[in-house]
Amino acid sequence: ILSPTLFTRYIFNLSGFENKAMKKLRPFLQGGAGLTYMEENRPGRDRDATDFLINIGAGVDFPLDDSISIGTRMLVNLIPGEVLDQRVYFNWEILSVRYSW
């Protein structure tokens, strides 16, 4: 599966919390659109396909300093036109490391 997308995020501001760790958390909602390409190792002619993709998800980032943060993100990927008998797939980035410059 290869699914390049363009997305936008809404980041919630938790600066009003008293707890220092909670103040630093950056929870977000995300939505995007792109294309998805799937290839399956199966007999026959229809072994790969490409179609439009919409994804929605949520996650949280925790800044370690001004340029590095760790986080996690879950996405539900919707394929309106169906690719190789698939209309929905889920992915979870259990641990991500982000470097901002």
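Position numbers for residues count from 1 along each chain, tracking the sequence in the order it is written. The predicted nature of this model means local features are confined to residues of pLDDT at least 70 and side-chain atom pairs, given and counted, to a pLDDT of 80 or more, with totals for whole chains, interfaces and linings taken over all residues. The basis for the side-chain values is all heavy atoms of the structure; hydrogens and waters are excluded.

### Some points on the overall build of the protein chain
Helix numbers and strand numbers start at the N terminus; a helix is a DSSP run of H or I with at least 4 residues, a strand a run of E with at least 2. Along the protein chain, the regular secondary structure elements total one helix and five strands. Listing each helix as α and each strand as β along the protein chain from the N terminus yields β-α-β-β-β-β. Dimensions of the protein chain, computed from C-alpha atoms along their principal axes, come out at roughly 60 × 20 × 20 Å. Here the analysis covers contacts within the protein chain between residues at least 6 apart in sequence; of these, 51% occur between residues at least 24 apart. Taken as a whole, the protein chain presents about 7300 Å² of accessible surface, with 60% of it coming from carbon and sulfur. In what follows, a contact means two residues having at least one pair of non-hydrogen atoms within 4.5 Å. Methods summary: accessible areas were calculated by the Shrake-Rupley approach with a probe of 1.4 Å, and residue burial reflects only the protein chains presented.

### Quick notes on the pairing of strand β4 (residues 68-83)
When a strand is regular, its side chains alternate between the sheet's two faces. At least two bridges found by DSSP between two strands is the condition for calling them paired. Of the strand pairs in this sheet, strand β3 (residues 48-63) and β4 are connected by ten bridges, and their pairing is antiparallel. Across the sheet, Gly59 pairs through a bridge with Arg73, a residue of β4. Connecting β3 to the antiparallel partner β4 that follows it, the hairpin turn spans four residues. Bridge count between β4 and strand β5 (residues 86-99): eleven bridges; the pairing is antiparallel. When the bridges of β5 are listed, Val83 appears paired with Gln86. Once β4 ends, the chain turns through two residues before running back antiparallel as β5, passing Leu84 with a positive phi of about 50 degrees.

### As for the environment of Asn77
Within the secondary structure, Asn77 is located in strand β4. Taking the C-alpha atoms as reference points, Asn77 and Trp92, separated by 15 residues in sequence, lie 11 Å from one another. Polar contacts, as used here, are pairs of N or O atoms within 3.5 Å; protein pairs need one atom able to donate a hydrogen and one able to accept it. Residues neighboring in sequence count only if both atoms are side-chain atoms. Side-chain polar atoms of Asn77 contact the side chain of Asn91, separated by 2.8 Å.

### Notes on the pattern of salt bridges
Within this document, salt bridges are pairs made up of a side-chain nitrogen of Lys or Arg and a carboxyl oxygen of Asp or Glu, the two lying within 4 Å of each other. This model, assessed by the stated rule, comprises three salt bridges. Across the pair Asp61 and Arg9 runs a salt bridge whose closest N-O atoms are separated by 3.8 Å. Here the residue Asp61 occupies a position in strand β3, and Arg9 occupies one in strand β1 (residues 5-11), the gap between them amounting to 52 residues. For the exposure calls, accessible area comes from a 1.4 Å probe over protein chains only, and a residue counts as buried if that area is under 20% of its type's maximum, exposed if over 50%, partly exposed in between. The class of Arg9 is partly exposed, set by a relative accessible area of 23%.

### Some words on the environment of Leu25
Examined against the element boundaries, Leu25 turns out to sit in the loop between α1 (20-24) and β2 (26-39). Between the alpha carbons of Leu25 and Ser15 there is a distance of 8.7 Å; along the sequence they are ten residues apart. Not counting the four nearest positions on each side in its chain, Leu25 is found in contact with Leu14, Val60, Asp61 and Phe62.

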